[in-house]
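# What the coordinates show
Here is how the chains run, residue by residue.
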Amino acid sequence: MVFLTLSCWLRNRGPHRYWKVQEVLSHARHFRGRKNRCYSLAVRAVRRAFVYATKSRKLKQRNMRKLWISRIAAASREHGMKYPVLIHNLVKCSVQLNRKVLSDLAITEPKSFLSLAKLARARQQEGFGAALGDRKEPPGVFSRIVTLQ
Amino acid sequence: MTSRGTPSRFLQSVLQNGVGRYVCQLKRISLVFSKKGPSSLGVREFIEEGVVDYAKNNPGTVVYVSPQPCRVPKLVAEYLNGNVKEEALTSKTSQQIAELITKLTNQSGLDIIRIRKPFHTDSPSIQGQWHPFTNRPRSIEPIGPQKPPAS
């Protein structure tokens, strides 16, 4: 005689609850308060955290650029120039350094940044000279852009 | 998967490995397989052909070959910094196992997690890092060695 009814009642109903709960709680361990211990609170907090993480991927680029710009502005003001003037004149001299590199130079290589500020200042003076005076040839060196062939 | 919730590290090499001599960071490789199971066929082929050549080419790595009754053939790689990496080799061909082993040999034992920056320098500043007095004019003359009195 074999009893089959009891074994028919036991069903395999999926992975054990502990592992499913740990999957969520492992992402909440560094949170503050009961959200790092209690599952129902943690589920909502973890979902918000993931949403913030996806949204902030674009925000990170914006914030980093803002940080670089404010650092370059502070460094150029130390040398008596403003940020838009510096950038515009560097572009006119065809110096294609981006804001990240400029801010790193301002921090770790202050003398190179000083020379860049002087370059921008010289180009600015040449621009003023060309606009105000009626000179046929630009007298300065920096406003002549050489194209390699 | 938040960046603060998952572990991350900075780019580094183990004790500046390539600067002088290069030391292979793989300490020990153990091939666990079964003599008869069908999933270990690739492993057995690799042991017939490729293991001896691999062991001769990498004299700094110890190769252990252990036939055991097991369902899942495994490759256990141990590195010099103590990390252990296990890979399952079920139903892999001998070629795939060879590629996997070369990949593990070329790795250093550091964790494979998010690397924060793709660069690293020990000397980030050459002209001297900026401090609030770099661009200020000096208030005192530089002090040199004192001249002895003339009389």
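Here's what I pulled together on the structure shown here.

Thresholds applied
- Chains are numbered independently. Their residues run from 1 in the order of the written sequence.
- For naming, the first written chain is A and the first written ligand is 1, with later ones following in the order written.
- Local features in this predicted model are restricted to residues of pLDDT 70 or higher, and side-chain atom pairs are both shown and tallied only at a pLDDT of 80 or more, whereas totals for entire chains, interfaces and linings draw on every residue.
- Based on all heavy atoms of the structure, the side-chain values leave hydrogens and waters out of the count.
- In DSSP terms, a helix is any run of H or I states spanning at least four residues, a strand is any run of E spanning at least two, and both are numbered starting from the N terminus.
- Two things to know: the radius of gyration comes from C-alpha atoms, and the globule rule equals 2.2 Å times the number of residues to the power 0.38.
- Type-normalised accessible area, obtained with a 1.4 Å probe on protein chains alone, sets the label of each residue: buried when under 20%, exposed when over 50%, and partly exposed for intermediate values.
- Note on contacts: a residue pair is in contact if any heavy atoms of the two residues lie within 4.5 Å.
- Accessible surface area values rest on a Shrake-Rupley calculation with a 1.4 Å probe, where residue burial reflects the displayed protein chains alone.
- The span one expects for a helix is its residue count, reduced by one, times 1.5 Å.
- Read the arc as the range of directions from the helix axis to the C-beta atoms.
- The buried area of a pairing is the accessible area, by a 1.4 Å probe, that goes missing from both parts when the two are put together, added over both.
- A pair is scored as a salt bridge if a Lys or Arg side-chain nitrogen falls within 4 Å of a carboxyl oxygen belonging to Asp or Glu.
- Within 3.5 Å is the distance limit for a polar contact, defined as a pair of N or O atoms, with the added protein rule that one can donate a hydrogen and the other accept it, and that residues adjacent in sequence qualify only through two side-chain atoms.
- Just so you know the grouping, Ala, Val, Leu, Ile, Met, Phe, Trp, Tyr, Cys and Pro go in nonpolar, Asp, Glu, Lys and Arg go in charged, and all remaining residues, Gly too, go in polar.
- Side-chain rings of Phe, Tyr and Trp, where Trp is taken by its six-membered ring, are said to pair if the distance between their centres is within 6.5 Å; with planes under 30 degrees apart they count as stacked, over 60 as edge-to-face, and otherwise as tilted.

This paragraph deals with the overall build of chain A. Of the regular secondary structure elements, chain A holds six helices and zero strands. Ordered by position from the N terminus, the helices and strands of chain A form the series α-α-α-α-α-α. On C-alpha atoms alone, chain A measures out to a radius of gyration of 31 Å, which is more than a quarter above the 15 Å that the 2.2 N^0.38 rule sets for 149 residues. Principal axes of the C-alpha set define a box for chain A whose edges measure 115 × 40 × 25 Å. For chain A, the residues scored as buried account for 25% of the 149 residues in total. Long-range contacts, defined here as pairs at least 24 residues apart, represent 43% of the contacts in chain A between residues at least 6 apart. Working note: accessible area of chain A is about 12,000 Å², and carbon and sulfur atoms make up 58% of it.

Here the focus is the environment of I112 of chain B. Residues and elements named next belong to chain B. With respect to the helices and strands, I112 occurs in the loop between α3 (94-106) and β6 (114-115). Residue classification places I112 among the exposed positions, given a relative accessible area of 61%. Along the chain, I112 and P7 lie 105 residues apart, while their C-alpha atoms are 9.7 Å from each other. Here I112 is in contact with K85 and Q107, once residues within four sequence places are set aside.

Residues and elements named next belong to chain B. Along the chain, the position of I113 falls in the loop between α3 and β6. Between the C-alpha atom of I113 and that of L80, which follows or precedes it by 33 residues, the distance is 18 Å. Excluding residues that lie within four positions of it along the chain, I113 makes contacts with P7, S8 and R9.

Following the sequence through the fold, G14 of chain A ends up in the loop between α1 (5-9) and α2 (17-25). Considered as a pair, G14 of chain A and V46 of chain A are 32 residues apart in the sequence and their alpha carbons are 23 Å apart.

Residues and elements named next belong to chain B. Taking 1.5 Å as the rise per residue, α3 with 13 residues should run 18 Å; its terminal C-alpha atoms sit 19 Å apart, in good agreement. Taken as a whole, α3 has its buried residues at S94, I97, L100, I101, L104 and T105. Down the axis of α3, the smallest arc covering the buried residues is 140°, so these residues share one side. What points out from α3, more than 90 degrees from its buried face, is the exposed set Q95 and N106. Where the residues of α3 are buried, they touch β2 (26-33), α1 (41-49), α2 (51-57), β4 (74-79) and β5 (84-88).

Bringing the interface of chain B and chain A into the picture now. Listed as interface residues are 13 residues of chain B and, on the opposing side, 14 residues of chain A. The largest share of the area that chain B buries against chain A comes from M1, Q127 and N135 of chain B, three residues that together contribute 43% of it. Applying the counting criterion to the chain B and chain A interface returns zero salt bridges. Linking chain B with chain A are seven residue pairs in polar contact (both at pLDDT 80 or more), by the criterion used here. Broken down by class, the residue content of the side of chain B that touches chain A amounts to four nonpolar, eight polar and one charged.

A separate point is the pattern of salt bridges. Side chains carrying opposite charge are able to pair once their charged atoms draw close together. All names here are of chain B. For the structure on display, the rule yields three salt bridges over all chains. The partner of E78 in a salt bridge is R28, and the shortest N-O contact between them spans 2.7 Å. Placement of E78 in strand β4 and of R28 in strand β2 is noted, with a sequence separation of 50 residues between them. One salt bridge connects K85 with E87, and the closest N-O pair in it is separated by 3.4 Å. E87 gets classed as buried once you look at its relative accessible area, which sits at 16%.

Let us now look at the packing of aromatic side chains. To describe a pair of aromatic rings, you give the distance between the ring centres and the angle between the ring planes. Residue and element names in this part refer to chain A. This structure, assessed with the given rule, holds one aromatic pair over all chains. An angle of 80° between the planes, with centres 4.9 Å apart, marks the rings of Y18 and W19 as edge-to-face. W19 sits in the exposed class, given a relative accessible area of 58%.

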